[in-house]
Structure formats: structure tokens, C-alpha cells
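Now for the letters of each chain:
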Amino acid sequence: MKVTVWNENLHEKEIPLVTELYPGGLHGYIAGFLREPDVEVRTATLEDPACGLAEDVLAETDVLIWWGHMAHDKVLDEVVDRVQRHVLSGMGLVVLHSGHHSKVFHRMMGTTCNLKWRDGARERLWTVKPNHPVAAGIPETFTLDYEEMYGEPFDIAEPQETVFMGWFNGGEVFRSGCTWIRGNGKVFYFQPGHETNTAFQNAYVQRIIQNAVRWACPIRRVELTCPHFEALEA
């Protein structure tokens, strides 16, 4: 399995705490806990040529992980077009935290993806679909002592499945882990992961992302075409 972890890599240059919490940047840290004997991981950032997502990279990517926050508008539309085309042909897409406002996620949803937010909340996550592959090994509930609150209403396309729900100590709730099918591709959105908080250090958060990668990995890629087709029977 081949995974590409994409990150803007901008907060890392402006906020020392980010690299203190996540050595190598968010992309490097996430790549680190995803690497296994059967999982090959590369990273890509906004400053790379073609945002690190040229045609040959995406053609060799089974699952793309996306983290973005402060520079969604800097991602070239042609890159978004390529990502969408590869998702439709079967590449998996896992969007994390503030990637909800990325051009890529907007394209997948067709909605504003707006929500409520504030930093500095305690979150309790609930596994509401425990038999889903992304929930394997995850308890009924676990807590993140300090995370950014995301609250409903969350303007997304109706999920195929809601696997996790979040509750925050301000009283808000949020669909924290959702799945969709787009063409031949699987899409998963997962809410925890603010850059100056420690969610990605949490063993359950890591396990959910690992599970999501395996769930979203395609059996095969199928290019969607619209050919003229001759009858098989007279």
C-alpha cells in the first residue's frame, strides 16, 4: 500500500510549538505512525512543485491524507482537478481536521463545509458505528483533554456513514468521523488534529487514521469513461 501525506507545512515555520509537538512537521509525524512493513509512505507539501501532487505521484498513491489550514487558496485548481480525478478512479482520500475547508474537500462535498469552532475545549469522542472497519480497536468512548471545538451544523453532503461523534465541554456535538463514496473512491473525514494541540499523539487517534488508510485503499483503480459500446448480444 502506498500512502501520500500532504500538509501545507506553513505553521511549522511560524509557530515553534508545532515542531516541538510534531518533529518533522505534521506530515512527517503522521507519516511516521503510518509506516508499517506493508505501508510505504511519502510526504508532500504546498511548496513542492505542483504542490507535491503531480500526475505520477497520484498515479502511485493508494490513499492521500490531507491536512491544511491557513493556505487553502494557495492550492492550484489544477491540483484539485487531478486529486478529484484520481479519487473518482479509486484513490482513497482521508481529510483531517481543518482540511474541511480545503479546496479538495469542498470539491468532494459540493457544499460550504462551514461549522462552529473555538480552541481550548475538552472533547469526548464516541464510537457510534463500532462494527465499521475504521473503528477497529477503538473503545466506545475516549477523551482528548485539549482540542479545537468543531460544532454542528456542519455543512457537508450527507455522510454514507457516521462512525464517530464528538461532544465538547461547552455542550456542542459534531460528526467527527464520516465516510463517503465518490465514484470508485472512498473518502473519510476525521475532526481531531489542531496543529498546536496533541491529538495526533493519542494512540486511538493514530489507530483511527491507520484504520482509515486501510479502509480507503482501493482494490483496483478504474478510470471512469463514457465510451460508445457495441451490443454483446444480437
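Everything discussed here concerns the structure shown above.
Report on the accompanying structure. Once a new chain begins, its residue numbering starts again from 1 and follows that chain's sequence as written. It should be noted that, the model being predicted, local features are given only for residues of pLDDT at least 70 and side-chain atom pairs only at 80 or more, the latter also being counted only at that level, while totals for whole chains, interfaces and linings use all residues. Note that the side-chain values use all heavy atoms of the structure and ignore hydrogens as well as water.

This paragraph deals with the sheet that holds strand E8 (residues 173–182). DSSP calls a pair of strands paired once it identifies at least 2 bridges connecting them. Comment: elements are numbered from the N terminus, with helices defined as DSSP H or I runs of at least four residues and strands as E runs of at least two. Spatial strand order, E2-E1-E3-E4-E9-E8-E7-E5-E6: 9 strands in an open sheet with mixed pairing. Only two strands of the sheet have a single partner each, and these edge strands are strand E2 (40–45) and strand E6 (141–151). Neighbour-to-neighbour, the strand axes of the sheet open up by a mean angle of 25 degrees, direction not taken into account. For this analysis, residues touch if any pair of their heavy atoms sits within 4.5 Å. Interaxial angles span 0 to 180 degrees and are taken between N-to-C directions of axes, which are lines fitted to C-alpha atoms, for helices over the stretch in contact. Contacts between helix H3 (residues 25–34) and the sheet are confined to strand E1 (2–7), E2, strand E3 (63–67) and strand E4 (92–96), with E1 contributing the most and set at about 155 degrees to the helix. Docked against the sheet, helix H5 (residues 77–89) engages E3, E4, E8 and strand E9 (185–190), running at close to 115 degrees with respect to E9.

A word on the side chain of Asn 197. Locating Asn 197 in the fold gives a position in the loop between E9 and helix H7 (203–216). Only protein chains enter the accessibility calculation, which uses a 1.4 Å probe; a residue is then buried when its area is under 20% of its type maximum, exposed when over 50%, and partly exposed in between. Relative accessible area serves as the criterion here: at 3%, Asn 197 is assigned to the buried category. For Asn 197, the side chain forms a polar contact with the side chain of Asp 119, separated by 3.2 Å. Among residues more than four places away in sequence, those in contact with Asn 197 are Leu 21, Tyr 22, Asp 119, Tyr 146, Glu 147 and Glu 148. N or O atoms closer than or at 3.5 Å make up a polar contact, with two conditions inside protein: a donor-capable atom paired with an acceptor-capable one, and, for residues adjacent in sequence, both atoms drawn from side chains.

Lining residues are defined by having an atom within 4 Å of a point belonging to a cavity or pocket. Those points lie on a 1 Å grid over the protein atoms alone, cavities being sets where a 1.4 Å probe fits but cannot get out and pockets being open sets with protein on both sides within 12 Å along at least five of seven lines. Grid points are joined across faces, edges and corners, and a volume is the space filled by probe spheres set on the points. Tallied over the full model, the rule gives 2 cavities of 30 Å³ or more. Taken as a whole, the largest cavity spans an internal volume of roughly 50 Å³. Breaking the lining of the largest cavity down by element, the ones donating at least two residues are E1 and E2. Each residue is assigned to one of three groups, with Ala, Val, Leu, Ile, Met, Phe, Trp, Tyr, Cys and Pro labelled nonpolar, Asp, Glu, Lys and Arg labelled charged, and all others, Gly among them, labelled polar. Looking at side-chain class alone, the lining of the largest cavity contains 2 nonpolar, 2 polar and 4 charged residues. Of the volumes computed, that of the second largest cavity is approximately 40 Å³. What lines the second largest cavity is simply Met 1, Leu 34, Glu 36, Val 39, Gln 210, Val 213 and Arg 214. Sort the elements by how many residues they give to the lining of the second largest cavity and H7 lands first, with 3 residues.

Here the focus is the environment of Ala 54. Positionally, Ala 54 belongs in the loop between E2 and helix H4 (55–59). By relative accessible area, Ala 54 is classed as partly exposed at 23%. The sequence separation of Ala 54 and Leu 10 amounts to 44 residues, and the corresponding C-alpha distance is 20 Å.

Nothing here speaks to function; it is all geometry.
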